[in-house]
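Residue-level structure breakdown
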Amino acid sequence: MASLLFYATFEIDRKTEETNLGDLITDAMLWYVTKDGVDTLGIAEENIVAITNGGGIRATIEAGDITMNDINTVLPFGNTVAVVYVTGEVLLESLEASTYSTPEAIGAFPQTSGIEFTVDTTIAYDEGEQYEGSTYYGPASIQRVTITSINGQEFDPEATYAVVTNDFLAAGGDTYYAFSVSDVMDTGAPMDEAVIAYIEEKLGGVITADAYGEARGDITIIADETEAAEEETLEPAA
């Protein structure tokens, strides 16, 4: 496989904000599950989205020809593509929990497709009870995350959404305990193979700058501007 990937960012960004590689991977997962139609999912296409954890994206790729080994390096864990069925309320809880430390890095940080949302980091995370079998705590209330739209449609907390994700998150990995108590369908397809198929079949073997040169802008992070300005003015000691 030879293709052109316009992607160059610091590795840690995937744990703090949306990245173009995260967009590519989640677009690929979503495409892979729906490419033969959505009948097997039993849900309307506009209610199908994708999420993967930034910590599972293990490398960056520079612009130029890429190989299967490059993709394997980005996704080395052998995770498979799974689908979880959740209510909008559970989806919102999952986004709140997985960004609880933002703007500080967290491996759970969601890279997404089909979801536009805002994280207001000026509001403290309302820590609730500890998730069963986890070191993380769920939100006692939703304070920081607002879902703007789902595939361009109004978000409905009572609707059912199919979330295309990886088997680690589907089993409740990282902060995604709410996924583990939902209906789950594991496709058995390795994530790296899904991404390769997307590049070859959907993108024609070329990842252009127009498509993935920058992050799409689905995730908005509201930060404390005063604090950020103070950090910018700090000069290292001579």
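Here is what the cut-offs are and how they apply
Residues numbered from 1 in each chain as written. Predicted model: local features only at pLDDT ≥ 70, side-chain atom pairs only at ≥ 80, totals over all residues. Heavy atoms only, no water. Pairing = 2+ DSSP bridges. Helix = DSSP H or I, 4+ residues; strand = E, 2+ residues; numbered from the N terminus. Axes fitted to C-alpha atoms, helices over the stretch in contact; angles between N-to-C directions. Contact = heavy atoms within 4.5 Å. Core = buried A, V, L, I, M, F, W, Y, C linked by side-chain atoms within 4.5 Å. Buried < 20%, exposed > 50% of the residue type's maximum accessible area, 1.4 Å probe, protein only.

Across the sheet, five strands lie side by side as E3-E1-E8-E2-E9; this open sheet has mixed pairing. Lying at the two open borders of the sheet, with one neighbouring strand each, are strand E3 (110–113) and strand E9 (183–190). Pairs of neighbouring strands in the sheet enclose a mean axial angle of 25°, with direction left out of account. Where strand E1 (residues 48–53) lies against strand E8 (residues 160–166), three bridges are found, and the strand directions are parallel. Looking at E8, one finds that Ala50 is bridged to Val164. In the packing of helix H1 (residues 20–34) onto the sheet, the strands contacted are E1, strand E2 (80–87), E3, E8 and E9, and the crossing angle to E1 comes to about 135°. Along the sheet face, helix H6 (residues 191–202) touches E1, E2, E8 and E9 and points at about 65° away from the line of E9.

Next up on the list: the nonpolar core. Of all hydrophobic cores here, the largest spans 33 residues; its most connected members are Ile25, Ile48, Ile71, Val74, Val164 and Val195. Those elements that place two or more of their residues in this core are H1, E1, helix H2 (68–74), E2, E8 and H6. Excluding residues that lie within four positions of it along the chain, Ile25 makes contacts with Thr52, Ile57, Val74, Leu75, Met191 and Val195. The next biggest cluster of nonpolar side chains, apart from the first, holds 26 residues, and it includes Ile51, Ala82, Leu92 and Val145.

Coordinates in, geometry out; function isn't part of it.
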